[in-house]
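Each chain, letter by letter, is given below.
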Amino acid sequence: MKLHEYQAKEIMRRYGIPTPRGKVAETPDEVFKIATELGGRAVVKAQVHVGGRGKAGGIRVVNNPDEARVAGSEILGMDIKGLTVGKVLVEEAIEAVSEYYLGVTVDRSQKSVTIIASSEGGIDIEEVAAKTPQKISKMWSTPKEGFMPWQARSLALDAGFDEGTIARVGGYFSGLFKLFEREDAELAEINPLMVTKDGKAIAADAKITLDDNALFRHPGYSDLWEEEGDDPLEQEARKRKLTYVKLNGDIGVIGNGAGLVMATIDAIKAEGGEAANFLDIGGGARAEVVQSALELILMDEAVKAILINVFGGITRCDEVAQGLLKAIESVNLDLPVVVRLVGTKEAEGRAILSETPAVTADTMVDAAKRIVAIAGGGI
Amino acid sequence: MKLHEYQAKEIMRRYGIPTPRGKVAETPDEVFKIATELGGRAVVKAQVHVGGRGKAGGIRVVNNPDEARVAGSEILGMDIKGLTVGKVLVEEAIEAVSEYYLGVTVDRSQKSVTIIASSEGGIDIEEVAAKTPQKISKMWSTPKEGFMPWQARSLALDAGFDEGTIARVGGYFSGLFKLFEREDAELAEINPLMVTKDGKAIAADAKITLDDNALFRHPGYSDLWEEEGDDPLEQEARKRKLTYVKLNGDIGVIGNGAGLVMATIDAIKAEGGEAANFLDIGGGARAEVVQSALELILMDEAVKAILINVFGGITRCDEVAQGLLKAIESVNLDLPVVVRLVGTKEAEGRAILSETPAVTADTMVDAAKRIVAIAGGGI
Amino acid sequence: MGIFIDRRTKVVVQGITGREGRFHALRMRDYNPDVVVAGVTPGKGGQDVEGIPVFNTVLEAVKETGANASCIFVPAWAAADAVMESFAAGIELVVCITEGIPTLDVINMVSQANVDGLARRVIGPNSPGIITCGEASIGIMPGQIFKPGPVGVISRSGTLTYEVVGLLSSCGIGQSTCIGVGGDPIIGTTFVDCLGAFEKDDNTKAVVLIGEIGGSDEEDAAEFIRNMTKPVVTFISGRTAPPGKRMGHAGAIVSGSMGTAESKVKAFQKAGVPVANTINQIADIMKELL
Amino acid sequence: MGIFIDRRTKVVVQGITGREGRFHALRMRDYNPDVVVAGVTPGKGGQDVEGIPVFNTVLEAVKETGANASCIFVPAWAAADAVMESFAAGIELVVCITEGIPTLDVINMVSQANVDGLARRVIGPNSPGIITCGEASIGIMPGQIFKPGPVGVISRSGTLTYEVVGLLSSCGIGQSTCIGVGGDPIIGTTFVDCLGAFEKDDNTKAVVLIGEIGGSDEEDAAEFIRNMTKPVVTFISGRTAPPGKRMGHAGAIVSGSMGTAESKVKAFQKAGVPVANTINQIADIMKELL
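Residues numbered from 1 in each chain as written. Chains lettered and ligands numbered in written order. Predicted model: local features only at pLDDT ≥ 70, side-chain atom pairs only at ≥ 80, totals over all residues. Heavy atoms only, no water.

K.L.:
Break down helix 8 (residues 258-270) of chain A for me, citing the residues and quoting the values.
P.N.:
All names here are of chain A. The terminal C-alpha atoms of helix 8, which comprises 13 residues, lie 18 Å apart, in line with the 18 Å expected from a rise of 1.5 Å per residue. When you tally the buried positions in helix 8, you get eleven out of 13 residues, the bulk of the element. Those residues of helix 8 not exposed but buried are A258, G259, L260, V261, M262, A263, T264, I265, D266, A267 and I268. Positive phi shows up at G272, right after helix 8, with a value of about 100°. (Helix = DSSP H or I, 4+ residues; strand = E, 2+ residues; numbered from the N terminus. Expected span 1.5 Å × (residues − 1). Buried < 20%, exposed > 50% of the residue type's maximum accessible area, 1.4 Å probe, protein only.)

K.L.:
Break down the domain arrangement of chain C for me, citing the residues and quoting the values.
P.N.:
Residues and elements named next belong to chain C. Here the domain parsing of chain C yields domain 1 (11-123) and domain 2 (142-289). Placing a centre on the C-alpha atoms of domain 1 and another on those of domain 2 gives a separation of 26 Å. Contacts between domain 1 and domain 2 engage nine residues on the former and ten residues on the latter. Taking both partners together, domain 1 and domain 2 bury about 850 Å²; carbon and sulfur atoms supply 57% of that area. Of all residues in domain 1, Y31, R121 and I123 bury the most surface against domain 2, accounting for 41% of the area lost on that side. Run the count over domain 1 and domain 2 and you get zero salt bridges. Listing elements by their share of the side of domain 1 that touches domain 2, those giving two or more residues are helix 1 (19-31), helix 4 (103-112) and strand 7 (121-123). (Domains from an automatic or database assignment. Contact = heavy atoms within 4.5 Å. Buried area = accessible area lost by both parts, 1.4 Å probe. Salt bridge = Lys/Arg side-chain N within 4 Å of Asp/Glu carboxyl O.)

K.L.:
Quick one: what's the story with the sheet that holds strand 6 (residues 88-92) of chain A, residue by residue and with numbers?
P.N.:
All names here are of chain A. Spatially, the four strands line up as an open sheet ordered 1-6-2-3, and their pairing is antiparallel. The open sheet has two free edges, formed respectively by strand 1 (22-25) and strand 3 (59-62), since each of these has just one partner strand. If you compare each strand with its neighbour and ignore which way they point, the axes differ by 20° on average. Where strand 1 and strand 6 come together, four bridges link them in antiparallel fashion. Note that in strand 6 the partner of A25 across the bridge is V88. Packing against the sheet, helix 1 (residues 5-14) makes contact with strand 1, strand 2 (42-46) and strand 6, and its axis sits at approximately 50° to strand 6. (Pairing = 2+ DSSP bridges. Axes fitted to C-alpha atoms, helices over the stretch in contact; angles between N-to-C directions.)

Below, the structure written as structure tokens:
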């Protein structure tokens, strides 16, 4: 779950990390009011869950409240990569003498949390890693070991931070790690950390992504959730508790198990077709789940044919076939369907299928061949 | 810093520990209103920083809002061991089938945090430890190691908790340890944890003491501070940033270093006198601090004579003598004073003292003898 | 015989009184009745699940039954605690079936396996389990599709593994041990760990590795295979997955330029490791190798 | 010669550019110029304090100067971090002068000394320091009152120790090593640790132990002294302190029935250890013993 910059900054302040003074606004009048309170130069920043706001014109520096109102009216409602801007953050403008990067994220191969510092702030960290890797330093820790300010100071020195800043930055870094651990984040990033003439360090931009699996530990976070940015079909899938990803093709795909569904989509592609979605009904799905999955796929107008690929283990083939039967009745499913069922209760499943117009296939490759032929117009 | 029960329960709820429904009240009308909201039987509990509220009549079970109002009017304003009750907590009454004890505190000799469980809830834990030690179980952990629910379940089983409760209690215990660590407590205690007929476990009484040294990490806690229960002279000492403890005698004592001051008080007692206070001016105190210390001691009307015992190291004897001189001027110090100064700038100190009526002594024992003789009426 | 588990393994099932735990504990017992010795559900000690004794704590189970492995079916919020409890009780192998465990919990439980220099093992989380064919099954894999033989199978997936195993068995190619390492971003036992064990296992002559998008375990495996004496056939799923989307498994995600199928296929090809383009090709290549 | 520190000890002073750190670093250097080799203040690396080089990190200081001990003068909120940094840099003895450190920080820093089976040492916190007479001083104790000789001194207090040392010196009884273990509830080095070291130290013939109310370190010491060959004279301050009140030191508090002076005096008497009733008696008893 991605948070908006203004939400991320609220959390960072709780962990002792300073951020610019500012507030969030939803109308140009509010922008004007906040800019007036701040006095002086300000920044108006679109709050959208997407990178590259700046290049898209979603960030504007203004010299006075009137300019702020104009900027607000232009940015609010703006479309950035398909997302409509509903909120802007209005903050004091910081004059930086240097800009740094601080980030905490999960390192899969080290099986630990990695803490990243760079003397190149304000730039995409992947870009820095590619072009000037010597300007990045990393350390690893588990949540239990923690990350102490002295480690942060070493890391910052190593990454080329100015010596004068390391005493202060140590605590902020340690706070960022603590935030990461206590809030169950996947990513906590300050980019850039701006250092001012008088030696203050301020988180000028902040990004936090929370671990969806840990939201049960943070009941308050449900309030931070904003659905913008998701495909409407993916939103519908979430309501139905189905694991679904929208793709660009015309063949609806249903299977049990993520690896199997991915392989099925690959097989369709290998035969010259294109899947319309990824949809995993999981292990042990009952007929109602299969029915719901089919209903969801039919909401996608691009879908011209459907492939069901189930390897029965805990999942019973008869339940899958029943689900298809129900969907045919409930939503008038009249698109061509290819079904491949093997494993637990295979015979029973096939018997049910014989009552439907569905085409059956014996192997995954066979099923992919048939569905591509059908979607391509043949039979 | 001791918290009130209602404050402790607020914090415990944040860590997933259930407490009875209820609210705090400052007037009988509020008590009536809360009891009405709760419906049914309720408990009205005095909120004072002292043990033995129940025996003193500060806890009353009531059957309806009218009884609650009566209980509220009787408890509010009540005097319990010298403290006036200003607030009561009004809660639903819990019907318990069993009562347990859970506590987390610091173990000095193990240099770690100790987690204590007992199947004897609702009783003072020192008493349980003395009478039925087999009903108490302990574990130790450092904050870094943490305390997992499975450890709590083992501990609870070992302490004789009912098997049916251990699954639930594991999480609460773990929450209590997390609270202890994250909030920097010295003591976090649930006594009793009541288990109801339907298997729910609820913290019926809760106690939290916070580590004063860690308050800088918890800026919000300054709001929880309530001064009641401190001696007015100790409150004044806190304002003056002096380390002071009120005692029962008539000889005011000032020294540098806690051990030295304690030994000085012991020496006075050994000579047949009684100290009026403990007052440590610390290391390197300037004249102003000595002056302030003398002013504080003079606010104690019981004081008939003053002993100053300083072993100069970082503390300079001339500064101490200057402080005495200033106090004589500023507050008209006219009580008999015995001064014993050795160490850094001893000669200079003695020279200054010769301008005052203070009696000097060469050793601590000598100083104690003289001051006891003076306070006793001789010279 | 095979790797990590065999007929002498003794398993305690944590969360045995839950729906899933009960169902799969009995299926594991069907596979080899000697292997499943105990269950644990706090507060339900003294009960039994069709004859399998239930204990309040893993320590009791270990003391009473000599269990040395554990299979975790408890809910995600309790899973890390269950793993820690196992290790503290002296268990050496934990197979964690539970899916959806918070990542930081996974890091803590996985790192616990190696504290104080101990060489204990977590398989998973989000693993379908492990089977040493004809000897022992821990987890949820359907025992009837497996057939004893010389091929080790490692996979990040469940049903796709069954698909491959079903194909191998139908072609007369039996398996030594099949391991689902789990579909999460952080897992206790990696491809490399399994490859190292298979390399040393006398009963294994060749290995099938079924990878997918996300992370760099396949790239690490490619490097490792360079120094192996036994042949490995690989397959990568998710070749057509779009970047930035989690494909069902929490770990199956292309982040930025990391974790693409191309990178993995290229790594294997560079190391001279055959990559099957379809499931069927896996069996074809394996037939030639054996 | 003496315990824990000697003329070969090399100290880095953490927080050397602060008022206290600077003042005492120079006094320590006055006591033995070879002992104080470096200072650390993050962000002030490259500066010096009257010739003592200042580094940004302890690791740099250790690498450049061979420091093997550290003296902590940083503020309470930063003290645990400073101790952790020392140990990570290879320092084996940390003398922590800082007072008012949160108790949980103290537990963490003190337990850090012994992780991974290492036998490193924290003295303090809230310690006045340690002096091995004529060889090295770490901390804030006034060097001029000490006199080399055969008596080890251990104390939870600062000025009271100076009082005793002044008395001993004036009676012609010199000291081997004097240690202030610190007035906090949790401390790294206890009376028992010091007694064990004095028992093994050839230069020490007898020990003075200055205890006070609170905790049970004196009771533990009494048990330990039963098995020592060297005589120990004890003194307890706070005999007249009321229960439940902190007497200046965070650790000097009688809680419930725990930590009373009576309990401590009784423990020593039971173990046959002489207890002085006044400061002067300490010297009297010691004179007889030597």
